Amino acid sequence: HCVHDYGSRQEACVVLDEGAGAPPGCTCVNDEGQIALATTEAVFFYSTDERGPAFAFHGAKRFLGWHRSFLVVVMGEAGAAGVGANGLGGVYGSAGMSSPTSICGTDRGARGGSSAPNTENAGGAAEQEIGGGSQNAVYVYDLKNKFVAFYSQTRCAVLWLLSGKSLVVALLEDGFVTAVEERDLATKLEALFRKNLYPTAIALAHSQRFEPAVLAEIHHQFGEHLYAKRDYDAAIEQYVQTLGHLEPSRVIRKFLEPSHAPQLCRYLDALHADVRGLATAEHRTLYALCLTKLRDERGIDSLVGSLETSLHNSARGDGNAGISAPNTSNAACMCSPHGAQLTTHGSASSSATASASAAQGPTSAAGASAAFGGASRASSGFDLPRLVEVLRAGGYVGHAQRLARLHGDASLCLSLLLDEADAVDEALALLGGLSAEQTVAALERWGALLLRTRPARTTEMLVQLSCGGGAGGARCAGAGSGGAGGTVGAAARPCGVNRAAHSASEPAMSARAALSLLSPHRRWRVTYLERLLEQLPQPPLVWEALLEDYLSASASKSLDTVGTGSHGFGERRSGQPAEAASNADADAPDLSELDGVNVAIVARGKALDLLRHPSAAYSEDHAMLLCAHFGCDDGLALLYERKGLHAALLRHFARRHRHADVVRTCHRFGEREPALWTEALHYLSSLKDPNVASFAELHRLVGEVINAIERERLLPPLAVLDALSVHASLPFSAVREYALRHVEHDSAMLEEATRESARYEEESRRMADEMDELATKASVFQLSKCSACHNPLELPTVHFLCLHSFHHACLGDRDEDCPCCAPQRGLALRRLQQQKQRASAHGDFFKQLELSSDGFTTIASYFGCGMFGHNQPNASH
C-alpha cells in the first residue's frame, strides 16, 4: 500500500505496507481522512504518514463503506464474520441502525416482492434477511465505542454499497435497493438501557459529546441498576459521577445504614473534594461523623487540613479559594470496623443533618460559643462547632482542638482543654488572653474545676475581674506542661485578665458571682475578699462575707477557714512580687504551726478590726446577727455600743456575768440613760450563785450602783432595799451606810413635816374661829375713811365682812366683792380651778409618776388635789 503526493512539484511515494492490497470496493475513507482497506483477515487503517489501527474481521469482504462514525462491511457469505478482535465480536442487535427498507426495485424485484421485511432484531442476535438467492451479511460497526451497531443478512448478493447523508444504500442483485437509516440518540440509549448495557451507553454518550447533565443521568441510572443488584461499591462510583447534577441527599439517604458507611464515606469524600464547592456544612459534618465511625485518622487529617487551608486563604483575602483536599484513600474508606453505627431519621433533605445530630448529642459547647462571641464560619461551608463536637465525640480531641483554635471560639477550646484533656495550665494561659466578658463567662462554667486544681491562680484572676481595670496584684504565667492537646494560642501569655476594652470603674465580675464560686474554698474566699478590700470602697456584701468567714474561723478553730492575708483593709500588700500568684498552689501560707486556739484568736482579732474600720460599709443589723450566731461577744458589744443600744449592751454583759463590764457600762452611759443603774441593781441582786462573783467584788459593785442611784435619786430607799433583799448571801453591811443616811434624812424630814403640820393645824383653827364669829356675831365696822379714796365716809357707804368700807360711788358697779381682797380671792379661785383640772388629767399623772424620782411625793400631791376622793374642793368654801 502506498500514498502518492501529487500536489508538490516533485512526486513522492510513501510505502506504508507491502501487501496484496484489497479487492475492488473494499476501500473507503473515514471522517479523519484515513483510508481503510479490507482483506480477508482484517480491516486496516492508514494515514498519510503511518499505519493506523487494524480490526480483525475474518471473512471475505464484498464492500467496505464509511457512514458518519460507522464502518459498514458487506461479507461475502452469511455468517462469515466470526468473533472479531478488539471486543467487536458479539452482535448487540440493531441498537444503532433501523431495519432495512426497500426503497425501489426492478420487475425482478417486483416479482420477488415489493419490499424487504421491516422487522427489528429485538433479541439482539437474530439475523434479518434482505432479498433472496445468494446471501451476503451486512455489518455496521461502531469502532470508537467497540460494538456492532447493526447486522442483517441479504436475500441475495449486494452489487453495490453507497453512503449518503443520512442513509446507507445497498443495491441488491435482484434489482432492489435497500436503505439502512441511523436511529436518533434517544432511541439508541433506550435500547441500551433495556439491555442493561450502561457502560456502552456511557461510552456512546462520551463519543457523541453529550451534555454533562445527560451523562449524569446515565450514571444515575447505572448506579440505580447496580444498587438494585447490591453492588454498592460500584454503585457509589456511579453516583460520584452525578455530583453537581443529582441532589446529594437522594444518594445519602440510600447509604445511611451502618453497613453502608464505607460507601457513604466515599461519596462524601468526593463531594467534599469537589472544587465547585457542592458540599454544605451538613455534608461535611456527616463526612466527619463517617470518618470517626470508620476510625479513618488519615481522612480526618485530610479534612482538618483542608479546613485550615481554606480559613488561612480566607484570612489572606483570597475570595476564590475553595475547600479542597486530596481524595481520601478508597481502601481506608471501604474498611469499616465492626460496630460502626450510623443513625438515620427524617426526610432525604435533612438526612445528613439528622445523622450527624444523632451521634453528637447535646452541643453544650456550641451554646457557650454564643456567650464568647465566636464567629460562625458558614461562609467556608463548615459548621465548626458541630464538627468539633463530632470529632470530640469520636475521640479525636487533638483534631477538635485544631478546629476550635481555627474557629477562634474560646468556649470550644476551653471545653476541650478542661473537659477532655485536663490541660488546666493551658486553659489558664488561654483565659489570660481573653476579654473580661469572655473570662467571666468561662469562669462561670469552669470556675469550680479551676479552683479545685489551681486555686491560687484562679483566685487572683477573680480578684482582677472584680476590681475592674484598677486591680493590681500578681499575674499568672502560663505553664508549659501539665496538659494534653498541645498549646492553645499564645501559651506564654500571662493569665491575667485582658481588660483593655473594659471600664476601670465597672468590674467585669460581681462579687456575688465570685463568692458563689469560692464558697467551697473558704481559705481562698477569704484571700479574695481581703484583696478586694485593698481597694475601697466596696459594697456591703464584701464586708459582710469577710466578717462571716472570720467569725466562722473563730468559732470552728479550723485552718481551712482562715484567710491567707495578714494585711489591713484598704492597704496594698508590699514586698510581694508580681509573679507570686504564678507559683504552685502549695505556696499558700502554712498555718499548721498554729493550734486551734491561736487560729481562733487571730480570726477574732481580724473580725474586730473589720468591725472597727472607719470605712466599713456593712449592715450593722446583719453584723449583729453574725456575731450572735458565731458567739463573738466582743463584736456584739461593739455593735450594741455603735448603735446606741446601751440597755441591750448591759444585758449582753449581764447574760455573760461580766459584772465589771455591767457597772462600767453604767458609768459610761448612765448620764444619758439613768435607768441603766436601776437595771444594774436588779442584775446584781439576782446573783444568787456565790461562785459567780466574790463577796468583795459584789460588795464593791453594789456600793457603786447604790451611790449612783442615790446621787441621781432614781429609786426610793425602800425600793433599793427591797431589790437587794432577794439576794440571800448579800450581808446588810453592804447597804448599812446607805440605810443610815436615808434614815437620818427621813427623820429630819419627818420632824420638819411635823412642825409644818402643827402650823397648818393652828392656822386652820384660827380660820374656823373667825368664820364662826362672822356667822354668829355682829361685826362692828370702825373705819371712818373709805378704803379706796381714803376720804371720810359719807353716806351711802358699803361695808364688807372683811371690815373694809367704801363710798358707793367709789365702788361703782363692783359692789359684790371687796376691791382690796379681790386679788387674793381670785388667786385662791384660780388655784382651786387648777386643782380640779389636775385631778382630771390622768395622763399627766402617770407621766410625772414615771419620770419622778420620788413616786410617793407625786401621788401625795395628786391626792391633795382630790384625784382619789369623791368630795371635790368647792370654790364657795
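Since the structure is predicted, the reported quantities are computational estimates derived from the model, not experimental observations. Every chain begins its residue count from 1, and numbering advances along the sequence as written. Given that the model is predicted, a residue must reach a pLDDT of at least 70 before its local features are reported, and side-chain atom pairs must reach 80 or more before they are shown or counted; all residues, however, enter totals for whole chains, interfaces and linings. Only hydrogens and water are removed before side-chain values are computed, so all heavy atoms of the structure are retained for them.

S.K.: Help me understand the overall build of the chain, please; the structure alone is not making it clear to me.
M.R.: For the purposes of this entry, the term helix denotes a DSSP run of H or I that reaches at least four residues, the term strand denotes a run of E that reaches at least two, and both are numbered from the N terminus. A count of helical and extended segments in the chain gives 34 helices and 17 strands. Summary of the burial criterion: residues with accessible area below 20% of their type's maximum are buried, those above 50% are exposed, and those between are partly exposed, where the area comes from a 1.4 Å probe applied to protein chains only. For the chain, buried positions account for 44% of its 877 residues. For the chain, the proportion of contacts with a sequence separation of at least 24, taken over those separated by at least 6, is 59%. We call two residues contacting when some pair of their heavy atoms lies within 4.5 Å.

S.K.: Before we go on, may I ask you to explain the nonpolar core in this structure?
M.R.: In summary, soluble globular proteins display a tendency toward joint burial of nonpolar side chains. Formed by 149 residues in total, the largest nonpolar core has its most connected members in Leu431, Tyr528 and Leu611. When neighbours within four sequence positions are excluded, Tyr528 is seen to be in contact with Thr459, Leu462, Val463, Ser466, Ser510, Ala511, Ala514, Leu515 and Leu518. To form a nonpolar core, buried Ala, Val, Leu, Ile, Met, Phe, Trp, Tyr and Cys residues must be joined to one another through side-chain atoms within 4.5 Å. With 19 residues, the next largest nonpolar core counts Ala38, Phe45, Val148 and Tyr151 among its residues.

S.K.: Can you walk me through the state of the cysteines in this structure?
M.R.: Here, disulfide denotes a covalent bond that connects the sulfur atoms of two cysteines. Note on disulfides: each one is a pair of cysteine sulfur atoms within 2.5 Å. Counted by the stated rule, this structure contains zero disulfides. Among the cysteines around Cys26, which has no disulfide bond, Cys28 carries the closest sulfur, lying 9.6 Å off. The thiol sulfur of Cys786 is not disulfide-bonded, and the nearest other cysteine sulfur, from Cys789, lies at 3.7 Å. The exposure class assigned to Cys786 is buried, which follows from its relative accessible area of 1%.

S.K.: Would you take a moment to explain the environment of Ala201 for this structure?
M.R.: Among the secondary structure elements, Ala201 is positioned in helix α3 (residues 198-207). The class of Ala201 is buried, set by a relative accessible area of 0%. Residues Ala201 and Leu189, spaced twelve residues apart in sequence, show a C-alpha to C-alpha distance of 6.0 Å. Leaving out residues up to four positions away in the same chain, Ala201 has contacts with Leu189, Leu192, Phe193 and Ile218.

S.K.: Just to check I follow, could you spell out the confidence of the model for the chain for this structure?
M.R.: Any residue range with low pLDDT should be treated as having predicted coordinates unsuitable for detailed reading. Across the chain, each position has a pLDDT score giving the predictor's confidence in that residue, from 0 to 100. Per-residue pLDDT for the chain averages 73, and the proportion of residues at 70 or more is 72%. Of the regions scoring below 50 in pLDDT, residues 99-133 engages in 92 contacts with residues more than four places distant in sequence or in other chains.

S.K.: Help me understand a nonpolar patch on the surface in this model?
M.R.: Residues forming no salt bridge and having over 30% relative accessible area are the ones grouped into patches, like charges within 9 Å of each other and nonpolar side chains (Val, Leu, Ile, Met, Phe, Trp, Tyr) within 5 Å. The Shrake-Rupley method, run with a 1.4 Å probe sphere, supplies the accessible areas, and residue values consider only the shown protein chains as cover. In what follows, salt bridge is the name for a side-chain nitrogen of Lys or Arg lying within 4 Å of a carboxyl oxygen of Asp or Glu. Nonpolar side chains collect at one region of the surface, where Leu159, Trp160, Leu162 and Leu171 lie side by side and expose about 370 Å² of accessible area between them. Among the secondary structure elements, Leu159 is positioned in strand β13 (residues 158-163). Leu159 sits in the partly exposed class, given a relative accessible area of 41%.

S.K.: Is there a simple way to explain the side chain of Thr678 in this structure?
M.R.: Structurally, the position occupied by Thr678 is in helix α27 (residues 675-685). Apart from the residues lying within four places of it in its own chain, the contact partners of Thr678 are Ile709, Leu714 and Leu715.

S.K.: Please explain the pattern of salt bridges as it appears in this structure.
M.R.: In a structure, side chains of opposite charge can pair up when their charged atoms sit close to one another. Inspection of every chain in the model, using the stated rule, returns 30 salt bridges. For the salt bridge of Arg668 with Glu641, the shortest nitrogen-to-oxygen distance reads 2.3 Å. Separated by 27 residues along the polypeptide, Arg668 in helix α26 (residues 659-669) and Glu641 in helix α24 (residues 633-643) bring together distant segments of the chain. Its relative accessible area of 30% is what places Glu641 among the partly exposed residues. When the shortest N-O distance is used, the salt bridge between Arg664 and Asp661 registers 2.2 Å. Of this pair, Arg664 and Asp661 both sit in helix α26, three residues apart, which is roughly one turn of the helix. Accessibility expressed as a relative area gives 43% for Arg664, which makes it partly exposed. Residue classification places Asp661 among the buried residues on the basis of a relative accessible area of 16%. One network of salt bridges, in which partners are shared, links Asp634, Arg658, Asp661 and Arg664.

S.K.: It is not clear to me how the pairing of strand β15 (residues 177-181) should be interpreted in this structure. Could you clarify?
M.R.: Across a regular strand the side chains alternate sides, sitting on one face of the sheet and then on the other. A large share of β15 lies buried, amounting to four of its five residues. Strand pairing follows a simple DSSP-based rule, namely that at least 2 bridges must link the two strands. For strand β14 (residues 167-172) and β15, the ladder comprises five bridges, and the chain directions are antiparallel. Bridge pairing in β15 links Leu167 to Glu181. Between β14 and β15, which pair antiparallel and follow one another directly, the connecting turn spans four residues, one of which, Gly175, has a positive phi of 95°.

S.K.: When you look at unusual backbone geometry in this model, what are you seeing that I'm missing?
M.R.: It is generally the case that most residues other than glycine have a negative phi and that most peptide bonds are trans. With an omega of -5°, the peptide bond running from Leu795 to Pro796 counts as cis. By the element assignment, Pro796 lies in the loop between α30 (736-776) and β16 (797-799). The phi dihedral of Asn196 is positive, around 60°, even though this residue is not glycine. Inspection of the secondary structure assignment puts Asn196 in the loop between α2 (185-194) and α3.

S.K.: What should I look at first to understand the sheet that holds strand β6 (residues 51-55) in this one?
M.R.: Pairing between the strands of a sheet is mediated by backbone hydrogen bonds and can be parallel or antiparallel. If you walk across this open sheet you meet the four strands as β3-β4-β5-β6, and the pairing is antiparallel. For this open sheet the edge positions go to β3 (27-29) and β6, each flanked by a neighbour on one side alone. Between one strand and the next, the sheet's axes are offset by a mean angle of 20°, whatever the strand orientation. Here four bridges tie strand β4 (residues 35-38) to strand β5 (residues 43-46), and the two strands are oriented antiparallel to one another. Within β5, the position partnered with Ala36 by the bridge is Phe45. Think of each axis as a best-fit line through the C-alpha atoms, taken over the contacting stretch in the case of a helix, with angles from 0 to 180 degrees between the N-to-C directions.

S.K.: Explain the packing of helix α19 (residues 511-518) against helix α20 (residues 522-532) here, please?
M.R.: Helix-helix packing is described using two parameters, namely the angle between the two axes and the distance between the axes. Contact geometry of α19 with α20 gives a least axis separation of 9 Å together with a crossing angle of 155°. Accordingly, the angle class assigned to the pair α19 and α20 is roughly antiparallel. Residues Ala511, Ala514, Leu515 and Leu518 of α19 pack against Arg522, Trp524, Arg525, Tyr528, Leu529 and Leu532 of α20. Of the residues in the contact of α19 with α20, the class split is eight nonpolar, no polar and two charged. Angle categories are assigned with fixed cut-offs, so that under 35 degrees is roughly parallel, over 145 is roughly antiparallel, 65 to 115 is roughly perpendicular, and the rest are oblique. In this count, Pro and Cys sit with the nonpolar residues alongside Ala, Val, Leu, Ile, Met, Phe, Trp and Tyr, while Asp, Glu, Lys and Arg are called charged and the others, Gly among them, polar.

S.K.: Explain the packing of aromatic side chains to me, please; I cannot follow it from the model alone.
M.R.: Remark: the centre distance and the inter-plane angle together describe each pair of aromatic rings, the angle taken between the planes. Only the six-membered ring of Trp is used, alongside the rings of Phe and Tyr, when aromatic pairs are assigned; centres must lie within 6.5 Å, and planes under 30 degrees apart are stacked while those over 60 apart are edge-to-face, with the rest tilted. What the rule picks out here adds up to 14 aromatic pairs. Look at Phe55 and Phe57: their rings are 6.4 Å apart centre to centre, the planes differ by 15°, and that puts the pair in the stacked class. Exposure remark for Phe57: the relative accessible area of 3% places this residue in the buried category. On the numbers, 5.5 Å between centres and 80° between planes, the contact of Tyr227 with Phe255 is edge-to-face. One end of the pair, Tyr227, is in helix α4 (residues 212-228); the other, Phe255, is in the loop between α6 (248-254) and α7 (261-273), with 28 residues separating them in the sequence. What makes Tyr227 partly exposed here is its relative accessible area of 22%.

S.K.: What is the right way to look at the packing of helix α25 (residues 646-655) against α27 in this model?
M.R.: Their axes nearest at 10 Å, the elements α25 and α27 cross at an angle of 15°. As summarised for this structure, α25 and α27 are arranged roughly parallel, according to the angle between their axes. Crossing of α25 against α27: the hand is right-handed. Where α25 approaches α27, its residues His646, Ala647, Leu650, Arg651 and Ala654 are matched on the opposing element by Leu676, Glu679, Ala680 and Tyr683. Partitioned by chemical class, the residues of the contact of α25 with α27 number six nonpolar, one polar and two charged. Crossing handedness follows the turn of the near helix against the far one: under a right angle anticlockwise gives a left-handed crossing, and clockwise gives a right-handed one.

S.K.: Please clarify how helix α28 (residues 695-712) should be interpreted in this entry.
M.R.: Since there are 3.6 residues in each turn of an α-helix, residues three or four apart along the chain are aligned in direction. Residue count minus one, scaled by 1.5 Å, sets the expected span of a helix. With 18 residues, α28 should cover 26 Å at 1.5 Å per step; its first-to-last C-alpha distance of 26 Å lies within 8% of that length. All of the buried residues along α28 are Leu698, Leu701, Val702, Gly703, Val705, Ile706, Ala708 and Ile709. Of the surrounding elements, those touching the buried residues of α28 are α26, α27, α29 (717-724) and α30. Once α28 ends, the next one or two residues include Arg713, with phi positive near 50°.

S.K.: Help me out: how do you make sense of the pairing of β13 in this one?
M.R.: Inspection of the sheet shows β13 paired to β14 by five bridges, in the antiparallel sense. Counted as the bridge partner of Leu161 is Ala170 from β14.

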